[in-house]
There are 6 protein chains.
Amino acid sequence: MPVVVQNIQRAELGIIDGLASLGVATVHEAQDRVGLLAPHMRPIYAGARIAGSAITISAPPGDNWMVHVAIEQLREGDILVLAPTSPCVDGYFGDLLATSAQARGCRGLVIDAGVRDVRDLTEMQFPVWSKAVFAQGTVKATMGSVNVPIVCAGALVRPGDIIVADDDGVCVVERECAAEVLEKARTREEAEAKKRRRLAAGELGLDIYGMRPKLEEMGLKYV
Amino acid sequence: MPVVVQNIQRAELGIIDGLASLGVATVHEAQDRVGLLAPHMRPIYAGARIAGSAITISAPPGDNWMVHVAIEQLREGDILVLAPTSPCVDGYFGDLLATSAQARGCRGLVIDAGVRDVRDLTEMQFPVWSKAVFAQGTVKATMGSVNVPIVCAGALVRPGDIIVADDDGVCVVERECAAEVLEKARTREEAEAKKRRRLAAGELGLDIYGMRPKLEEMGLKYV
Amino acid sequence: MPVVVQNIQRAELGIIDGLASLGVATVHEAQDRVGLLAPHMRPIYAGARIAGSAITISAPPGDNWMVHVAIEQLREGDILVLAPTSPCVDGYFGDLLATSAQARGCRGLVIDAGVRDVRDLTEMQFPVWSKAVFAQGTVKATMGSVNVPIVCAGALVRPGDIIVADDDGVCVVERECAAEVLEKARTREEAEAKKRRRLAAGELGLDIYGMRPKLEEMGLKYV
Amino acid sequence: MPVVVQNIQRAELGIIDGLASLGVATVHEAQDRVGLLAPHMRPIYAGARIAGSAITISAPPGDNWMVHVAIEQLREGDILVLAPTSPCVDGYFGDLLATSAQARGCRGLVIDAGVRDVRDLTEMQFPVWSKAVFAQGTVKATMGSVNVPIVCAGALVRPGDIIVADDDGVCVVERECAAEVLEKARTREEAEAKKRRRLAAGELGLDIYGMRPKLEEMGLKYV
Amino acid sequence: MPVVVQNIQRAELGIIDGLASLGVATVHEAQDRVGLLAPHMRPIYAGARIAGSAITISAPPGDNWMVHVAIEQLREGDILVLAPTSPCVDGYFGDLLATSAQARGCRGLVIDAGVRDVRDLTEMQFPVWSKAVFAQGTVKATMGSVNVPIVCAGALVRPGDIIVADDDGVCVVERECAAEVLEKARTREEAEAKKRRRLAAGELGLDIYGMRPKLEEMGLKYV
Amino acid sequence: MPVVVQNIQRAELGIIDGLASLGVATVHEAQDRVGLLAPHMRPIYAGARIAGSAITISAPPGDNWMVHVAIEQLREGDILVLAPTSPCVDGYFGDLLATSAQARGCRGLVIDAGVRDVRDLTEMQFPVWSKAVFAQGTVKATMGSVNVPIVCAGALVRPGDIIVADDDGVCVVERECAAEVLEKARTREEAEAKKRRRLAAGELGLDIYGMRPKLEEMGLKYV
């Protein structure tokens, strides 16, 4: 049954922005390596790093009607996340939809399908992570749903979960855990900053992490 | 039988340049969504947007002899379009061939195979859409044909058809329909410009396109 | 048996730098078209062109322990080359490891698996050629080997062999042949420079290479 | 945190067997086309058609330790379902594990990774749906979890959900809905049986389904 | 504009059956190696070898409405050939449609998309060559066309062209050339039968084809 | 430089046949998990299990001339192993070449490219492991080499190395290690036979392998 869930819960923007500043790799580590989308999800241009609350879209193959419906549900700080109900690379989304989404505060799109007008989207600085770039358009003939749980590129995304995306890909953080993950990620980031300085000075990970005895015990031979 | 067809018909440059300025997504929509090459055809650098008359090449796998033959057939405003006779990612084309092609007015290459010297090609601003970047070279041992109809990345391309290519991919327009497609594409572009302004101002596609009654009729529930 | 081979032989840096300046496509041609890695090996950013001595790593899937071990073996002018023992796209390498490797003179990484922190690596100008970009991290639980012969992306790489990498991909040159390949590559480069000038002036490859009689003999028809 | 959930709920075997007899395509349609695993999940031999309660396994890449743990949790009528935490084609499972699983009543394996010993598994009539066949073995070095919700080949599978698998692929049915889906699937099957007889007699779907007026209204032209 | 072309021309059944008996590899060679569909087109069961006149279908992604329309156009000895207008693996076709098609004399299906109910299709001995097996069904919401020229898996197929399909894949023969191709294929088959006997007796292709002088001339060294 | 190495060393047939009887998975484990070809190498029919001495072929893309040359080098118990010099799926090998190879004692073909006439090859019981089945033929225009070391599907294969192939894929054993690998594989097989009996009787791997204390130590929780 096609449905639009309207009043979803979102995490605080402060937490979301904190996650954005740390990036996908750090956040993913901080939550014990869960929630990563598949590596075929690539950004249409380099350098974007965003986070936002997921507005989810379950759409039929080659049909973007529900994207129009979803845009009405957007608030400042949201990210559209679309999973087709069967594998599809059609261009569900282009510069007109991006104009509309951006006007409503949308920070970007994560789509396990195709996108088009990527030159315009790049100029607008509207970031997209997608499976493909493809000019093939879509129809508006069959229903889907908005703000239901979806599996996008192999990860479960529930409406209001936090999406973090950068050049390394896309990660989803459960809304309920967002504050805790942010704290762990910050701790991790600080620890890494210290290690980075020591490594830059020429110290070896073998010594910093105390690996030598374990390697010897496991039988690694130097010849 | 290997053959070179020499005097092919071309569309007017004015029409071709008009199509270039509109881009792949708009042109493809304007001709009722036919003629798109497969999404694995990607540009070697971002930002190029060209159109031109197709000089077609049917070449054996790993053999670029016919590219040399095709270059002699080039005129100002042409684009080389190569389809191997079986799947191949070898680098058929590099900076020497690009120098030669560019000297004869060629605007770019569309190749359902590999290309190399992409750093040089980028510096020369010679755009290429290809299936792969691969330094593996080719031999010159077997014949192919120039200016015969080919299927390139899933689309039928006849010599003299118009190729439009940009960051969204590659589209072919039948020569006989080029003027009509240009007109439709311009009309479409103007209509989109108006919509873009309304969407940027925050109006919703749901209202602009009058979608709400249809969605209700099809059973979409808001909860 | 896990092993680290410590004192490998390297080619002279002068030869290595000479190969870097010529690039992958020219070097590959100069050594009779052997040694190219598969075309799925792509750079994380455009424009890098490097050469160096291979420090090889054979690592289990999803386990980057041996990368730490390999970094100790690095000298100025080396390149890390990692092949997983079974297909894997996990992100074995990120900005901390790159900081450490760069501090020890490493020029880049070639990995038939995944890499992460690519925004940081790009800022650091630490080039990587990989099969994937993926934030998924790895564990440190099982042994591999360093400086043993490996097959990386379909090519045999022995420790101390010279790796050449640029936007066209990655090529390996046997250490023993490096001087000879450099000489041949330079000769080739000079010959190409002459041809480039003639082609730029509008001469045709058909005439420069004397192809017309052979094409006629093989039955090519002009119609 | 690695965990084994021991006392999961299962559907009645009568319902499960009913679903098996109807097959993937019918069950998938009956539950409104949700729950299908990706099309890369293929059976190792043709002709098997099974259903069972999912014992889920989340395992690190190249590490099958948790399979041993999961086998202890098996009861008559269960199916093992394994999703690696990152993409992997290693052979997690072979004839020894199959012998053990079969001894405990397991009906088959669904694995978004590799399997091996497929000749033995075929002889044993132990069916497997997998992403790959690959003799590469795995280690036992890192923890995973058993009977936690997983995303397997793009579908969410919770422990105790019903897996239906045949030559068309794999579908998951939520445990709570199993009885209802079975009833709908049977109704559908009966309706199809009637249509099959009419179609076999030469009647056209165009007439049986009353499609002609709608096609005309939508503008289909016969020429 | 959606259209159904009704009275297409077909080749004689005698010619078609002759082509079937020779198989894809021989027919493809006999027509100078053109017309082969891409290698991803695989049979759902081994051993079928058919030929027939193409009834072509151009269908939107995930929409099989036009298959129902096409079935009415079938005559004894025809083969359905479907190309989606953008890449799709949905199961457009199952046992009900096969029952209907078979009742009207259809010999099989060639589809650059997905198929389902393959166990039933195998029992019915209704052969299918497809890009995927996938239980995901389709909708009936948008128009396509029947009996227009299509590009299917990289090959141009016009209505009435002859499709030859067996375990090696699928080849299309232009209707106008069918008689000539059949004759060439028979000649080729006879020549091969002679060679087969000589090769089975231990003679070498090097001698039968007189290759030794040419190999020597081209510089092949025996060491 | 194209070359044919004529008098290669081979392992004893007794050892080779011993390896064949144990199969790929066992042999691969017995030699510490090295030497496996990539999982895209699949048999054209199920059930074959062979071993033999490798006659290696390095061939240009789409050119099978060297296969004819290699056949002369075959002796009883050999296997042809072909790697193209760049990725290719053309059908290098069909029933005529198989007839010739079989007449000279060849046990099968391993080819990182395409094969055709698979119905005939199946009838002849001439097993092939390949990357693709594709009817596209090849030319005889350029040289390659026979019995030089090659990288085939990611594994280094030297002439005279032992190839083991079955439904699980293909593994290469270095000739010098063949006797030792055979012994280890037999020991392993015997140990597995014992375990198989215990597992079939319902004992758990957790107990047979003494895993419980280690799992507890590593923090696995049962809930």
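As a starting point, this report considers the structure included with it. Just so it is clear, the structure is predicted and the values come from calculations on it, not from any experiment.

Calculation rules
- Residues numbered from 1 in each chain as written.
- Chains lettered and ligands numbered in written order.
- Predicted model: local features only at pLDDT ≥ 70, side-chain atom pairs only at ≥ 80, totals over all residues.
- Heavy atoms only, no water.
- Helix = DSSP H or I, 4+ residues; strand = E, 2+ residues; numbered from the N terminus.
- Buried < 20%, exposed > 50% of the residue type's maximum accessible area, 1.4 Å probe, protein only.
- Contact = heavy atoms within 4.5 Å.
- Lys, Arg positive; Asp, Glu negative; His and termini not counted.
- Charge placed at Lys NZ, Arg CZ, Asp CG, Glu CD.
- Least-squares fit on C-alpha atoms with pLDDT ≥ 70 in both.
- Axes fitted to C-alpha atoms, helices over the stretch in contact; angles between N-to-C directions.
- Parallel < 35°, antiparallel > 145°, perpendicular 65-115°, else oblique.
- Left-handed = near helix turned anticlockwise from the far one by under 90°.
- Nonpolar A, V, L, I, M, F, W, Y, C, P; charged D, E, K, R; others polar.
- Core = buried A, V, L, I, M, F, W, Y, C linked by side-chain atoms within 4.5 Å.
- Buried area = accessible area lost by both parts, 1.4 Å probe.
- Salt bridge = Lys/Arg side-chain N within 4 Å of Asp/Glu carboxyl O.
- 1 Å grid on protein atoms, 1.4 Å probe; cavity = no way out; pocket = protein on both sides within 12 Å on 5 of 7 lines; lining within 4 Å.
- Points joined across faces, edges and corners; volume = space filled by probe spheres on them.
- Phe/Tyr/Trp six-rings, centres within 6.5 Å; stacked < 30°, edge-to-face > 60°.
- Polar contact = N/O pair within 3.5 Å; in protein donor to acceptor, adjacent residues only side chain to side chain.
- Pairing = 2+ DSSP bridges.

### Points about the overall build of chain A
For chain A, the count of helices and strands is eight helices and 12 strands. Counting every position in chain A, which comprises 223 residues, the buried fraction comes to 64%. If you take every contact in chain A between residues at least 6 apart in sequence, the share linking residues at least 24 apart comes to 75%. Each charge sign in chain A was given a centre, from 24 positive and 29 negative side chains, and these centres are 3 Å apart.

### Things to note about the relation of the copies chain B and chain A
For the pair chain B and chain A, the relating rotation is 120 degrees, the translation along its axis is 0.0 Å, and the fit reaches an RMSD of 0.0 Å. In the structure described here, the two chain copies are related by an operation that fits a three-fold rotation axis.

### Concerning the packing of helix H3 (residues 65-72) of chain E against helix H4 (residues 95-103) of chain E
Residue and element names in this part refer to chain E. Relative to each other, H3 and H4 sit at 15 degrees, their axes nearing to 9 Å. By the angle class used here, H3 and H4 are roughly parallel. Read as a crossing pair, H3 and H4 show a hand that is left-handed. Mapping the contact onto sequence places Val 67, His 68 and Ile 71 in H3 and Leu 97, Ser 100 and Ala 101 in H4. The residue makeup of the contact of H3 with H4, split by class, is four nonpolar, two polar and no charged.

### Quick notes on the nonpolar core
All names here are of chain E. Ranked by size, the top nonpolar core spans 61 residues in total, and within it Leu 80, Phe 93 and Val 110 carry the most contacts. When residues in this core are grouped by element, the largest group, six residues, is from H3. When residues no more than four places from it in sequence are discounted, the contact partners of Val 110 are Leu 37, Met 41, Ile 79, Leu 80, Val 81, Leu 82, Trp 129, Cys 152, Ile 163 and Val 170.

### Observations regarding the arrangement of the chains
Chain B shows no contact with chain D. Their nearest C-alpha atoms sit 15 Å apart. Spatially, chain C is disjoint from chain E: no contact exists, and the shortest C-alpha separation is 15 Å.

### A short note on the interface of chain B and chain E
Interface size is often expressed as the accessible area that is lost when the parts come together. Between chain B and chain E, the contact holds five residues from the first and five residues from the second. Counting each side, the surface lost to burial between chain B and chain E is near 440 Å², with a carbon and sulfur contribution of 73%. Contact with chain E buries area across many residues of chain B, yet Val 151, Gly 154 and Leu 156 of chain B alone supply 61% of it, more than any other trio. Where chain B meets chain E, there are zero salt bridges.

### Looking at the relation of the copies chain B and chain E
Between chain B and chain E, the superposition needs a rotation of 180 degrees and an axial shift of 0.0 Å, giving an RMSD of 0.0 Å. In the structure described here, the two chain copies are related by an operation that fits a two-fold rotation axis. Every residue of chain B has its C-alpha some distance from the rotation axis, and the shortest such distance is that of Gly 154 of chain B, at 2.4 Å.

### Some points on empty space enclosed by the protein
For the structure on display, the rule yields three cavities of 30 Å³ or more. Put simply, the largest cavity is a space of about 40 Å³. The wall of the largest cavity is formed by Val 133, Phe 134 and Ala 135 of chain B together with Leu 36, Leu 37, Ala 38, Pro 39, Met 41, Asp 168, Gly 169 and Val 170 of chain C. Of the residues in the lining of the largest cavity, the class split is nine nonpolar, one polar and one charged.

### As for helix H4 (residues 95-103) of chain A
In terms of residue burial, H4 of chain A counts as a mostly covered element, since seven of its nine residues are buried. Buried residues of H4 of chain A: Asp 95, Leu 96, Leu 97, Ala 98, Thr 99, Ser 100 and Ala 101 of chain A, and no others. Turning to H4 of chain A, the residues buried within the fold contact helix H3 (65-72), strand E4 (78-84) and helix H5 (118-124) of chain A together with helix H6 (178-200) of chain B. Where H4 of chain A terminates, the next one or two residues include Gly 105 of chain A, which has phi positive at roughly 95 degrees.

### A word on the packing of aromatic side chains
All names here are of chain A. Scanning the model with the defined rule gives six aromatic pairs over all chains in all. Seen from their ring centres, Phe 93 and Phe 126 are 5.6 Å apart, and the 20 degrees between their planes marks the pair as stacked. Of this pair, Phe 93 sits in the loop between E4 and H4 while Phe 126 sits in the loop between H5 and strand E6 (128-133), placing them 33 residues apart in sequence. For the residue pair Phe 93 and Phe 126, the accessibility class agrees, reading buried in each case.

### Quick look at the interface of chain B and chain A
Every contact between the two is made by 35 residues of chain B and, on the other side, 36 residues of chain A. Taken together, chain B and chain A are joined by three salt bridges. Between Asp 95 of chain A and Arg 196 of chain B there is a salt bridge, with the nearest N and O atoms lying 2.6 Å from each other. Scanning the region where chain B abuts chain A turns up 12 residue pairs in polar contact (both at pLDDT 80 or more). Sorting the residues of the side of chain B that touches chain A by element identifies helix H2 (24-30), H6, helix H7 (205-208), helix H8 (212-217) and strand E12 (221-222) of chain B as the ones contributing at least two each. With five residues, the top contributor of residues to the side of chain B that touches chain A is H6 of chain B. Per-class residue counts for the side of chain B that touches chain A are 17 nonpolar, five polar and 13 charged. Direction of pairing for strand E1 (residues 3-4) of chain A relative to E12 of chain B: parallel, over a ladder of two bridges.

Shape is all these values report; function is a separate question.
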